[in-house]
Every structure is written in C-alpha cells, then in structure tokens.
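Commentary on secondary and tertiary structure
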Amino acid sequence: MIDEDLIDISFGKKRADVLIKNGSLVNVLTGEIYTSDVAVGKGKIVATGDLSKLEANTTINATGKYIVPGLIDSHIHVEVTKLSVTRFAELVLPHGTTSVVTGLDQIAGVCGLDGMRSFLDEAARTNLKLFTGIAVKLPYTTPPSTVGHELSPKEHEIAQRWPEVVGTWETTSDMVLGRDPEAYEAVDMAYKNRLLVHGHCPLLRGQALAAYLTVGIRSDHESITREEALEKARNGLYVLIRETPVAPNMDEVIKIITEDKINTRRVSMCIDDINVQTLVNEGHLDNLVRKAIEHGVGPIDAIQMVTINPAEAYRLDHIIGSITPGKLADILLVDDLRKFKVEKVISSGQLVAENGRMLREYASPTRPEWLLKTVKVPHVEARDLAITSPYDAEQVRVISMFVDENKNFYRHKREVILKVRDGIVQANPDADVLYVSTVERYTGRGERATAFISGFGMVQGAVATSLSPDDNNIVCIGANLRDMASAVNRISEIQGGQVVVKEGKIIAELQLPIGGIVTDEPATEVKKKEEELDSAIRSLGATMRLPFMAMIFLPITAIPEYAITNKGLVECASQKYVNPVIAPARYALRICG
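Residues numbered from 1 in each chain as written. Predicted model: local features only at pLDDT ≥ 70, side-chain atom pairs only at ≥ 80, totals over all residues. Heavy atoms only, no water.

Broken down by element type, the chain carries 18 helices and 31 strands. Taken over C-alpha atoms, the radius of gyration comes to 25 Å for the chain, in line with the 25 Å a tight globule of 593 residues would show. Seen through its C-alpha atoms, the chain measures out along the principal axes to roughly 90 × 50 × 45 Å. Taking all 593 residues of the chain together, the buried fraction comes to 62%. Taking contacts inside the chain between residues at least 6 apart in sequence as the whole, the part at least 24 apart equals 69%. Accessible surface for the chain amounts to roughly 22,400 Å². Of this, 46% is attributable to carbon and sulfur atoms. Taking the average location of the 66 positive side-chain charges in the chain and that of its 78 negative ones, the two points are 1 Å from each other. (Helix = DSSP H or I, 4+ residues; strand = E, 2+ residues; numbered from the N terminus. Rg over C-alpha atoms; globule rule 2.2 N^0.38 Å. Buried < 20%, exposed > 50% of the residue type's maximum accessible area, 1.4 Å probe, protein only. Contact = heavy atoms within 4.5 Å. Areas by Shrake-Rupley, 256 points an atom, 1.4 Å probe, with all protein chains shown as cover. Lys, Arg positive; Asp, Glu negative; His and termini not counted. Charge placed at Lys NZ, Arg CZ, Asp CG, Glu CD.)

Right under this line is the structure:
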C-alpha cells in the first residue's frame, strides 16, 4: 500500500524519523562514493543527496564515515549455528547483517511447515529479515532416509504462497538429472508462481552442467575450484562464493574475479554452514568483505557482493540491497572500507547495534510442546549398534569412510582389514578406524545403521549429535559400542544436543531442545560449550580441526563419496546402499585390529 507520508517526508513537508548527515555514500548501483545525506521515514529510505532543508526527529552526524547498505547473506542454514532465530539475529546484526536467505530446511525436516512458520514468525519479532527458499524436496537424501516431516509438492502448494519465500532451495543436480518427479513438480510450481529455482551442483561440469541448467537453475553455492565457478558463471549461473571453516572456498574461487576478471555483479558471497565460535571470533559477512579485499577485490566490488548482487540474484533488489528511495532503511556506518568495522547498524529504520553491541534485547517466544519433544528413541544397548559379519572368517575387508577435512569434508573410500570376534566386526581406533552410527529419532523405532569411519583420530570414547543435516537423526562416532550407546541415550534424555562420552560418563554436552537442533541460550554461552565439546573430543585423541562440523554432515548423500543414514551406508555415486563389510580377508596389505 502506498504511504503518502513518505512522499511528504521526501518533500520536507513532514519530519523524517532519522537524518544521516554528511557521510560518504557507497552507491552499489553505480559503483560511486560521494558525499550525501540519507533521510529515513517509517522504516524506509525517503531521500538521498543534499537534504539540508529536511528536519528529522533524530540526526546522525556521519562526517568521516561511509554509508553502506545492510549486508545480505545469500545462502545460510541458520539452524546449523545451533542458535534459535532470535539468538542468531542478536549475534549477526552487530556485524552489519540485516537480511539472510535461508532454507529453514533443518527445522522443516523435523517439524514440517509448522516448524518453518514458527521460525519465520520468530524472525519477524526481530530486526533481522529472513527470506526463505523451500527445500525442493525432503528428505534430500538419495535413497531417502527417515525424517520427521517430508516436503512434497503438497507442502509447496502452501509454502510457495508465503510472502518470505523466494523460490525453491537446494534443487540438487542428482534430483534434476535423476528426473525426480516430485522435484520436477515443485520446480514447475515455482515457475507458475513466478518464483526462482536455486541450485546445488558440486563438481558439475560440461554436458551434465548444461543439462542441469536447462530446468532454469538461478544460482549455485557449491563451487570449490576456479575452473568450476568460471564455467558456471559463463553458463548463466549466479555464483555464490562460499567461505566458512567447513568449506573454505574463497582462496580458490575468488580468482574468477582477481585473475579471470569477470564482471563481479553476478557474484555474491555466502556462509552456508558455520559454528558460533567462528561467528563470535571472526564475524559474519563483514569478515567476508575483509577477506575478499585482502584477496585483491576492490572495496566497492566486495560490498556489492554482499548487498546488491545477492538482492538481484534473489529478485529482492526492489526491497533491499541499496541505499535508494523506497528501499527498506538497512544502513551501516563504517569508518574504513578496507578494515570494514561496522560502527552503527540501522535495520528497517531502527538503530539496533553500535560498536559491535546490540542496543536492544529480543525475548524468545514461548515454545510449543511439539517443538520441544522431538527425540523419540527407545533405549539403546551396545549390541544394537554392532556390525555383524556375514562371513565365517576371523578377518574381513571393510569400507571405512575417510573424511578429508582439506576438501570440504568429502568422504573417500578406504579399504581396511578388521578382526571379527564372536561374529562382530571390531573397530580399531589405534589404526584410525572407528564405528559410526546413525539412529532414527522420529518414529520411536530407533532404526539404525552402523559402518566404519576414519580421519577423526579418536582412540577412546564416543561423540553424538542430533543436529545432523539434513535429516537430523542422531549421528554417533565412537571407539567402542558401550560409550556410543551412552551417547545416543543421553541425546534422547536431553531431547537433542551434542555430547562427548568417556568411559560411560558425559564429559561435555550442549543441549539443543528446540527441534533437537537449536537452543535459546545466548551465543556467548553456546561458544563456551562448543569450546568445551572440542576440548573434550580432543581428550579422546581427536586430531581433526573441526570434528563436530565434520560429523554433522555425514548423512548428506550429496557430498561425495559416502554417507551414512539410518537406512545404511550409501555409495553416493550409485545412490545405493552398500554393506561396509566387503569380503573375508585371507590376504591383506594392512591388518587393522
């Protein structure tokens, strides 16, 4: 609805709410920086330029400061931070983030559309704008794992009408090229509703990429090499450069700008998945701006990559992304574009943060029972997690997923020889071969699968998590089955979280009671508990840099080469279950156990 008061404020007939005076305006549309005032009324920008004749209720002197649009994260899974939407908003707003595009696919898999709607309504109580894509289909896993709620075309018919929705989310290449009928129906529906289709296509090149793009994919956040990103950009994709400790892709992918010199306007930056420690210690998108500039990207280009570029990629540039009349008043004051330390944050016309601190507190909403009681697992005994050998042999050859922390935590095939005792295949922690189990937590049946994993370095104890994108069942890794059973049972007792067990005792834990995946605890407390969990798992011998972040993604079948769901060990290329026990071992290059 047109608000004539905004017209009157622009003409000076009514007072502005806020008038920012004498700043250096970073115009992300023209690529210029020039002296300008900015007037704000009713949460929107009403005028820029010389506004010396306008009067305002509040005047901010921006002399010596740069006036920058609020930052936009173009792809983030908010729930992976383990923070509720409220606590997440409080953490990122002081860093200049005023909008995020997220899938809310983690809470969707747990509590369906009701869970998504609950989180969107919660965001509306804060000053952080949440735009969402609807997961093209849940579960994402192929073959399908067990989730609390599936998303099908039936749910899309409802959710695609929500005002926060920008299109489909994580429209994966395996669903498109595998001609999944439900995914196709969701995509067709998006086009009819004039929504966008956002992708997920790691390592896709050549004819396969072209075939994938024929369905109209808009963007992709999965490039890990310069060549891959360049090919995707040349073929029409909006490239979202991902930079996070889990997937540190900027060093390589940024070369499409610094060396290949492509037009930056179809390139954005995003976080995807991140923990609280990194957000607190390094920042959010402000940190990505600094990193891009350190890599040789110009300051204005870097700022465009987290403002107008993502706004245009998601067709949100009529609302956010620039400091121009009619847009929401999302404005930052920064003293140095290269250091990019955010001094003031205005979101929808309200000053919400200053010098890295929130100026207001948000009360958490009352949580309904269905959101707090989502873990339904019968008591687990050690024998329930054992792997039996189908062979009458003292030793067997098995697949142990090797987690490569230097390559986006891809899981490679490692064949090892393990001993069999009383029909049970024995892990060998001394040779870096551990058990890994995924236990279903929604139906009360506790369906589970166990395999072997390498790369973590643990020699004792067990760790478990109920935050495990994208099905968010309980994932547990351990040196022995007794501690694993204790870890799984503790997750059930606390209705979700992350735990470390040693000799049957809980030595560290973080409770995640909201959907079993997030908490209302403040970020400072979550950071402290993340550090305690990391310290605890290292006391078990773990050598991996980010062991919990590596563990939570093990059920994702879109990450090569192996995954484990509650249904079994998945060979991702064939999209089939495989038995981790391959054959009896009469001859071995290496014996483990």
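Alright, that's what it looks like, and here's the rest.
Together, Glu150, Glu157, Glu182, Glu185 and Asp188 make up a region of like negative charge exposed at the surface. By residue number, the principal contributor to the negative patch is helix 6 (residues 181-192), which donates three residues. Among the secondary structure elements, Glu182 is positioned in helix 6. (Patch = residues over 30% accessible without salt bridge, like charges linked within 9 Å, V, L, I, M, F, W, Y side chains within 5 Å. Salt bridge = Lys/Arg side-chain N within 4 Å of Asp/Glu carboxyl O.)

Taking the relative accessible area as the measure of exposure, Glu182 reaches 33% and is therefore partly exposed. Separated by 176 residues in the primary sequence, Glu182 and Leu6 place their C-alpha atoms 45 Å from one another. Apart from residues lying up to four places away in sequence, Glu182 is in contact with Lys137, Ser152 and Pro153.

Moving on, we get to the sheet that holds strand 11 (residues 219-220). Spatially, three strands are ordered 11-12-13 in an open sheet, and the strand pairing comes out parallel. Both outer strands of the open sheet, strand 11 and strand 13 (267-270), are each paired with one neighbouring strand and no more. Bridge count between strand 11 and strand 12 (residues 238-242): two bridges; the pairing is parallel. The residue of strand 12 that forms the bridge with Ser219 is Tyr238. (Pairing = 2+ DSSP bridges.)

Here we come to the side chain of Asp483. Note on placement: Asp483 falls in helix 16 (residues 481-493). For Asp483, which is buried and forms no salt bridge, the nearest opposite charge comes from Arg482, at a distance of 5.9 Å. Among all residues touching Asp483, those that are not within four sequence positions of it are Gly461, Ala462, Val501, Lys502, Glu503 and Gly504.

The next point concerns the sheet that holds strand 27 (residues 562-565). A sheet is described by the order of its strands in space; here three strands give the open sequence 27-28-29, paired in antiparallel fashion. The sheet is open, and its two edges are formed by strand 27 and strand 29 (576-578), each paired on a single side. The mean angle between the axes of side-by-side strands here comes to 45°, regardless of whether they run parallel or antiparallel. For strand 28 (residues 568-571) and strand 29, the ladder comprises three bridges, and the chain directions are antiparallel. Bridging across to strand 29, Glu571 finds its partner in Lys576. (Axes fitted to C-alpha atoms, helices over the stretch in contact; angles between N-to-C directions.)

A cluster of nonpolar residues, Ile2, Ile7 and Phe11, forms a patch on the protein surface that exposes about 380 Å² of accessible area. Mapped onto the elements of the fold, Ile7 is located in helix 1 (residues 4-10). The partly exposed category is assigned to Ile7, whose relative accessible area is 43%.

A separate point is unusual backbone geometry. Of note, the bond from Leu138 into Pro139 is cis; its omega dihedral lies within 30 degrees of zero at 0°. With an omega dihedral of 5°, the bond running from Pro469 to Asp470 counts as a cis peptide bond. Tracing the sequence through the fold places Asp470 in the loop between strand 23 (462-465) and strand 24 (474-478). Positive phi, close to 50°, is recorded for Glu503, a residue that is not glycine. Tracing the chain through its elements places Glu503 in the loop between strand 25 (497-502) and strand 26 (505-511).

What follows covers the packing of aromatic side chains. Scanning the entire structure with this criterion turns up one aromatic pair. Lying across the ring of Phe11, Lys13 places its NZ or CZ 5.7 Å from the centre. If you follow Arg117 out to its NZ or CZ, it ends over the ring of Trp162, 4.9 Å from the centre. (Phe/Tyr/Trp six-rings, centres within 6.5 Å; stacked < 30°, edge-to-face > 60°. Lys NZ or Arg CZ within 6 Å of the ring centre and 35° of its normal.)

Our next topic: helix 16. The terminal C-alpha atoms of helix 16, which comprises 13 residues, lie 18 Å apart, in line with the 18 Å expected from a rise of 1.5 Å per residue. Among the residues of helix 16, Leu481, Asp483, Met484, Ala485, Ala487, Val488, Asn489, Ile491 and Ser492 are the ones counted as buried. Those residues of helix 16 that are buried lie in contact with strand 21 (434-439), strand 23, strand 24 and strand 25. Backbone nitrogen of Arg482 and a side-chain oxygen of the N-cap are separated by 3.2 Å at the start of helix 16; the cap is Asn480. Looking one or two residues past helix 16, Gln495 carries a phi angle of roughly 60°, positive in sign. (Expected span 1.5 Å × (residues − 1). Polar contact = N/O pair within 3.5 Å; in protein donor to acceptor, adjacent residues only side chain to side chain.)

For the coordinates displayed, the defined rule picks out zero disulfides. Unpaired in terms of disulfides, Cys572 finds its nearest cysteine sulfur in Cys201, a separation of 16 Å. (Disulfide = S-S within 2.5 Å.)

If you walk through the whole model with that rule in mind, you get 35 salt bridges. Close ionic contact of Glu164 with Arg117 constitutes a salt bridge, the shortest N to O distance being 2.6 Å. Here Arg117 lies in helix 3 (residues 105-123) and Glu164 lies in the loop between helix 4 (153-159) and strand 9 (165-172), a separation of 47 residues in the sequence. The class for Glu164 is buried, based on a relative accessible area of 16%.

Further remarks concern the pairing of strand 7 (residues 97-102). Extensive coverage of strand 7 is indicated by the burial of six of its six residues. With four bridges connecting them, strand 6 (residues 71-76) and strand 7 associate as parallel partners. Bridged to Asp73 within strand 7 is Val100. Each parallel crossover has a hand, and the one from strand 6 via helix 2 (residues 85-92) to strand 7 is right-handed. (Right-handed = clockwise from strand over helix to strand, strands pointing away.)

This paragraph deals with helix 8 (residues 226-234). Looking only at helix 8, the buried set comprises Glu228, Ala229, Leu230, Glu231 and Lys232. Of the surrounding elements, those touching the buried residues of helix 8 are helix 7 (206-213), strand 11, strand 12, helix 9 (250-253) and helix 10 (255-258). Directly after helix 8, the chain includes Gly236, whose backbone phi takes a positive value near 100°.

Looking now at the environment of Leu83. Within the element layout of this structure, Leu83 appears in the loop between strand 6 and helix 2. Distance in space between the C-alpha atoms of Leu83 and Val518 is 5.0 Å, their sequence separation being 435 residues. Ignoring any residue separated from it by four or fewer positions in sequence, one finds Leu83 in contact with Val78, Phe88, Leu91, Val276, Val518, Thr519, Glu521, Ala523 and Val526.

Its place among the elements puts Val420 in strand 19 (residues 410-421). Ignoring any residue separated from it by four or fewer positions in sequence, one finds Val420 in contact with Ser389, Ala393, Glu394, Gln395, Val396 and Val425.

Scope: geometric values only; no functional claims are made or implied.
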